[in-house]
Each structure stands twice: as C-alpha cells, then as structure tokens.
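Summary of structural features
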Amino acid sequence: MKKRMVLLAIILLILTSTGCQIQRVNHQSMESIIDTVLLQKNNLYNTVFQGYKYYLPKGMTLRNKTDYNSHLVYQHQSLYLYVDVVSYYHKVEVDYEEKIDAYYSKAIHQDGVSGYLEINRVEDKFFVELMYNYAKMEAYIEVDQLQDTLIEMCYVLSSIQYQDKVLATLVGNHVLNYEEESFQILTPKSEATDFIEYVKEYDVYYDKNNQLPQEDIIETVDDEDSVTKE
C-alpha cells in the first residue's frame, strides 16, 4: 500500500512539473505559434477571389473588400488583409531587418517563402503586422487578445494560394493598373495611425446590409466543404 502511495505521489509530481505535456496552442510562445501554425502546409480554402484564395477560420468574417484589400473581423476586432499579387508575380525579394526597439520583431523564412512578424505597443494596445508569402495582416488589439488573434492570422496567411494562370493575365498583360498602386506590405509600418483611421471609417459608415461586389467574387466555399488542393 505504501509503495502504491509513493508511486502515485511520484506520478503526480511528474504531471505537475511537466504540465502533462499538453498545451493549448494559444498558450505557446509566439515562436511556437509561427512554427506550428504559419509554417505548416495548409491547402484548405473557402474564399476565392481573382488570382488567389485562402481559408477563413470559423469565427472570422469578411466584412468588406476593395481590390486586393479585405477588412476582416474576429472577436469584434478589425483585421486588415493585404494581398500583393504584383510582388508575388514578379517574385520581389523580402528583406526584413529585425528591430530591437519593437515589442517583438522576427524575420520568417522557410522553403523560399519569406515574411516577418512585428508587434509594437501603441497606447495601451498592440499593433500587429504579420506578413508571409506576399500577403499581410494587420490588427490593433487588446493585450489579452494577442495570442488568440495571432493564431487566427497565421491560419489565414498559411492558406494563401495564388492562381498563376489568372495572375499571368491580370499582371503579365497589365490588366491591373498596378503602376499607380503603392505596394508597401514588404515593409512594416511600425505604427497604427493609418490602420486606426481605416477602422474608424468602417465602424462609422459600414452598412450591415451592404454586400461585397459580385464581380469581385469568383467563388466562396462553406467551411464544411473546404477544398483541398490536389
């Protein structure tokens, strides 16, 4: 009996010290989130536009779209998605220099795909900029929402897939008037001024009955019918 009690005590001590080795992903460090979510192969998609497609996780909604920019909402927080199809088509090199004065700054490289994660404190919140595979997401969020929001951002960016044949027509044949556009996603803003103004504009003027322009939508797929690319 004493041996059993000692054995149980040892097991309890091991479980307590190791935390059972079971850890929810939103409790992991930001490096682990990048490794376990962003850098994992993800062929799912349920949202398709001209030249690209991606997976929108449950709980995240597409509120508005203009050209290659989308306004998303997750847990009542606004997120902004930029997709730079021109830089992707021309395979522009991503050269990010990590910043010691940022709250968090990390260059990301894997299998020829590059990006960065930069987080800065703005007032009492975090301004998060996550760029990967020529797409970028921004969020201006409460401190306690950082890890949960970062996980969802990683899910979206890990699923970005480009349609080369479509882009060859749009970009290669100059159907897009991209010479007048300013593609800045390869370099972080490091401040949330423009993003905050964008959020304020949509919070005030967004009409709940407003629909996305149908000519911009090629296909949408429900989560239950998410398609895997062969």
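Quick caveat, the model's predicted, so the values are computed rather than measured.

1. So, the overall build of the protein
- Scanning the protein from N- to C-terminus turns up six helices and 13 strands.
- The buried share of the protein, reckoned over its 230 residues, is 45%.
- In the form shown here, the protein has an accessible surface area of approximately 13600 Å², with 49% of it arising from carbon and sulfur atoms.

2. So, the nonpolar core
- Ranked by internal contacts, the top residues of the largest apolar core, which has 50 residues, are Leu38, Tyr54, Val85, Leu117, Leu130, Leu157 and Tyr162.
- Considering every element that reaches this core, the biggest residue donor is helix H4 (residues 146-158), with seven residues.
- With near-sequence residues (within four places) excluded, Tyr54 lies in contact with Leu44, Tyr45, Asn46, Thr47, Phe49, Leu62, Ser70, Leu72, Leu81, Val156, Ser159 and Ile160.

3. With respect to the side chain of Glu152
- Mapping Glu152 onto the fold places it in helix H4.
- Overall, the relative accessible area of 12% leaves Glu152 in the buried class.

4. Considerations on the pairing of strand E5 (residues 69-74)
- Counting buried residues in E5 gives five out of six residues, a clear majority hidden from the surface.
- With six bridges joining them, strand E4 (residues 60-66) and E5 adopt antiparallel strand pairing. Considered in E5, the bridge of Asn64 is made with His71.
- Turn length for the E4-E5 hairpin, with the two strands adjacent in sequence and antiparallel, is two residues, and the turn residue Asp67 shows positive phi of about 55°.

5. Concerning the packing of aromatic side chains
- Applying the stated criterion across every chain yields a total of nine aromatic pairs.
- Their ring planes at 10° and their centres at 6.2 Å tell us that Tyr52 and Tyr54 sit as a pair that is stacked.
- Note on Tyr96 and Tyr116: the rings are 4.6 Å apart at their centroids and 15° apart in plane angle, and the pair reads as stacked. Of this pair, Tyr96 sits in the loop between helix H3 (85-89) and strand E7 (104-110) while Tyr116 is found in strand E8 (residues 113-122), placing the two residues 20 residues apart along the sequence.
- Aromatic rings pair up to connect Phe49, Tyr52, Tyr54 and Tyr68 into one cluster.
- Positioned above the aromatic ring of Tyr45, the side-chain terminus of Lys53 is 4.0 Å from the ring centre.
- Here Lys65 stacks its cationic end above the ring of Phe49, 4.7 Å away from the centre of that ring.

6. Remarks on unusual backbone geometry
- Phi at Asn133 is positive, roughly 55°, even though this residue is not glycine.
- Of note, Asn133 is situated in the loop between strand E9 (125-132) and strand E10 (135-141).
- Classification of Asn133 by relative accessible area gives buried; the value is 15%.
- Positioned with a positive phi, Tyr134 is a non-glycine residue whose angle comes to about 65°.
- As for its position among the elements, Tyr134 is in the loop between E9 and E10.

Rules of the game
Sequence order sets the numbering: in each chain, residues are counted from 1 along the sequence as written. pLDDT decides what is reported in this predicted model: residues at 70 or higher carry local features, side-chain atom pairs at 80 or more are listed and counted, and totals for whole chains, interfaces and linings draw on all residues regardless. Each side-chain value is worked out from all heavy atoms of the structure, with water and hydrogens disregarded. Elements are defined by DSSP. Helices are runs of H or I of four residues or more, strands are runs of E of two residues or more, and each kind is numbered from the N terminus. Relative accessibility under 20% of the residue-type maximum defines a buried residue, over 50% an exposed one, and the middle range a partly exposed one, all with a 1.4 Å probe and only protein chains included. Per-residue accessibility takes into account occlusion by the displayed protein chains alone, with areas from the Shrake-Rupley method and a 1.4 Å probe. In these notes, a set of buried Ala, Val, Leu, Ile, Met, Phe, Trp, Tyr and Cys residues joined through side-chain atoms within 4.5 Å is what counts as a nonpolar core. It only takes one pair of heavy atoms within 4.5 Å for two residues to be counted as in contact. A strand pair is defined by DSSP finding two or more bridges across the two strands. Each aromatic pair joins two rings of Phe, Tyr and Trp (for Trp, the six-membered one) with centres within 6.5 Å, and gets the label stacked for planes under 30 degrees apart, edge-to-face for over 60, and tilted for any other angle. Consider the ring centre and the ring normal. A charge sits over the ring if Lys NZ or Arg CZ is within 6 Å of that centre and within 35 degrees of that normal.

Everything listed here is a matter of geometry and, on its own, says nothing about what the molecule does.
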